[in-house]
Amino acid sequence: MREYIAEAEEKKIAIGHFNISNIEGFWAVVNAAKKLNLPVIIGVSEGERDFIGIKQIKALVETAKAEDLPVFLNADHTYSVERVKEVVDAGFDAVIIDGADKSFEENMKMTKEAVDYAKNKNPETIIESELGFIGKSSSVWDKAPSGTSSSEYAFTEPEEARQFVKNTGIDLFAPAVGNIHGMAKNLNINFEKLDIQRITAIREAVGVPLVLHGGSGITDEEFKSAISAGISIIHINTELRFAFRQGLQKFLFENPDELAPYKYLRSARDAMQVVVEKRLVLFNGL
Ligand SMILES: [Zn+2]
């Protein structure tokens, strides 16, 4: 995974990080990656990995690796050191320790503890942390979530970011640069405006690759600018959930008597795969 990230930085492209909740999501991401012959990162939040099973998702990703596919597994937003230990022990490729809603000092202490544990137990594990706050929920809103323009969604300051990365020894850094988790119901509304200059300044300050969270709802042009400014991994979740549900609803509406899960879930999976492919094409400059 480190090699692919280094390659992405060099080529000024970004690796797609896609969250899944089940095996249909797994196939949506893996089939898209296979079709386009690109590396991908599968993300599972605490809730998502509890639903699939920690050992089970690890085993699924291993089946892709056994076929020589560059598919990697990341424990997305992990809110305690205890839960970081769980996935480091399970052999995940990467984990995000998220203390972004805590004070700078507390966030740094918690992150350092996670890094120390991983370096000791499984030094291969890539550790990411976030500074600044971009909200927690990968959901769809009718209007801008409260606090969007207030201090609740705090932008990352380059100098603080530099100190944070230096003191914790993390491998990847997730800044808050105008990105927000979740996306607007009306797809024509865009609440997110990325601060591209800030991305450049943070990348220079921290000296490690940057990850952009809350990718759903950001325009193609902004993604391109963010990637050339130094973003190497982009997270997409809400958009995939939306496509999955739309695919399922459409099929059930048209086939109200269908009972076979492998038939109605197939349309959900395929609808999700379309979005993954579209994002991979954009992120990889194809
Ligand atoms: Zn995120």
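Look up: the structure comes first, before these words.
The residue numbering used here restarts from 1 in each chain and proceeds along that chain's sequence as written. It should be noted that, the model being predicted, local features are given only for residues of pLDDT at least 70 and side-chain atom pairs only at 80 or more, the latter also being counted only at that level, while totals for whole chains, interfaces and linings use all residues. Side-chain metrics rest on all non-hydrogen atoms present in the structure, leaving aside hydrogens and water.

Some details on unusual backbone geometry
It is generally the case that most residues other than glycine have a negative phi and that most peptide bonds are trans.
So, point 1. In this structure, Lys 12 takes a positive phi of about 55° despite not being glycine.
So, point 2. Secondary structure follows DSSP: runs of H or I at least 4 residues long count as helices, runs of E at least 2 residues long count as strands, and numbering of each begins at the N terminus. On the secondary structure map, Lys 12 appears in the loop between α1 (2-11) and β1 (15-19).
So, point 3. Residues other than glycine seldom take positive phi values, yet Asp 68 does so here, at roughly 65°.
So, point 4. Relative to the elements of secondary structure, Asp 68 occurs in the loop between α4 (54-66) and β3 (71-78).

Examining the coordination of the zinc ion
So, point 1. Any N, O or S atom lying within 2.8 Å of the metal counts as a donor, and for Na, K and Ca the limit rises to 3.2 Å; water is left out, so some sites can look incomplete. In this structure, His 77 (NE2), His 181 (NE2) and His 213 (ND1) serve as the protein donors to the zinc ion, at separations of 2.0 to 2.2 Å.
So, point 2. Sequence spacing of the donor residues for the zinc ion, all on one chain, is H-x103-H-x31-H. One end of the pair, His 181, is in the loop between β7 (172-175) and β8 (183-184); the other, His 213, is in the loop between β9 (210-212) and α9 (220-229), and 32 residues separate them in sequence.
So, point 3. Between buried and exposed lies partly exposed: a residue is buried under 20% and exposed over 50% of the maximum accessible area for its type, with that area taken using a 1.4 Å probe on protein chains only. In this structure His 213 comes out as buried when scored by relative accessible area, which is 1%.

Examining the pattern of salt bridges
So, point 1. When a carboxyl oxygen of Asp or Glu is within 4 Å of a side-chain nitrogen of Lys or Arg, the pair counts as a salt bridge. In this structure the tally under the stated criterion is 23 salt bridges.
So, point 2. For the salt bridge of Glu 7 with Lys 11, the shortest nitrogen-to-oxygen distance reads 2.8 Å. Taken together, the residues Glu 7 and Lys 11, both in helix α1 and four residues apart, mark about one turn of the helix.
So, point 3. Between Lys 119 and Asp 171 there is a salt bridge, with the nearest N and O atoms lying 3.7 Å from each other. With a gap of 52 residues between them, Lys 119 in helix α6 (residues 104-121) and Asp 171 in the loop between α7 (158-168) and β7 connect regions that are remote in the sequence.
So, point 4. Judged by its relative accessible area of 16%, Asp 171 falls in the buried class.
So, point 5. Residues participating in the shared-partner salt-bridge network are Arg 2, Lys 119 and Asp 171.

Side note on empty space enclosed by the protein
So, point 1. Grid points spaced at 1 Å over the protein atoms alone were grouped into cavities, where a 1.4 Å probe fits but cannot get out, and pockets, open sets with protein on both sides within 12 Å along at least five of seven lines, with lining residues defined by an atom within 4 Å of a point. Grid points are joined across faces, edges and corners, and a volume is the space filled by probe spheres set on the points. What the rule picks out here adds up to one cavity of 30 Å³ or more.
So, point 2. The space that makes up the largest cavity amounts to roughly 50 Å³.
So, point 3. Taken together, 13 residues make up the lining of the largest cavity; nearest its centre are Met 1, Asn 74, Ala 94, Glu 128 and Leu 172.
So, point 4. Elements that contribute at least two residues to the lining of the largest cavity include exactly β4 (94-97), β5 (126-131) and β10 (231-236).
So, point 5. Among the residues forming the lining of the largest cavity, the class breakdown is nine nonpolar, three polar and one charged. Nonpolar residues are Ala, Val, Leu, Ile, Met, Phe, Trp, Tyr, Cys and Pro. Charged residues are Asp, Glu, Lys and Arg, and all others, Gly as well, are polar.

Observations regarding the pairing of β5
Along any regular strand the residues' side chains alternate between the sheet's two faces.
So, point 1. Of all the six residues making up β5, six are buried; the element is thus mostly covered by neighbouring parts of the structure.
So, point 2. Residues Ile 126, Glu 128 and Glu 130 line one face of β5 and the alternating positions Ile 127, Ser 129 and Leu 131 line the opposite face, and both faces are buried.
So, point 3. Where β4 lies against β5, four bridges are found, and the strand directions are parallel. From the neighbouring strand, Val 95 faces β5, where its bridge partner is Ile 127.
So, point 4. Viewed with both strands pointing away, a crossover whose connecting path from the first strand over the helix to the second turns clockwise is right-handed. Following the chain from β4 across α6 to the adjacent parallel β5, one finds a crossover that is right-handed. What makes two strands pair is DSSP finding at least two bridges between them.

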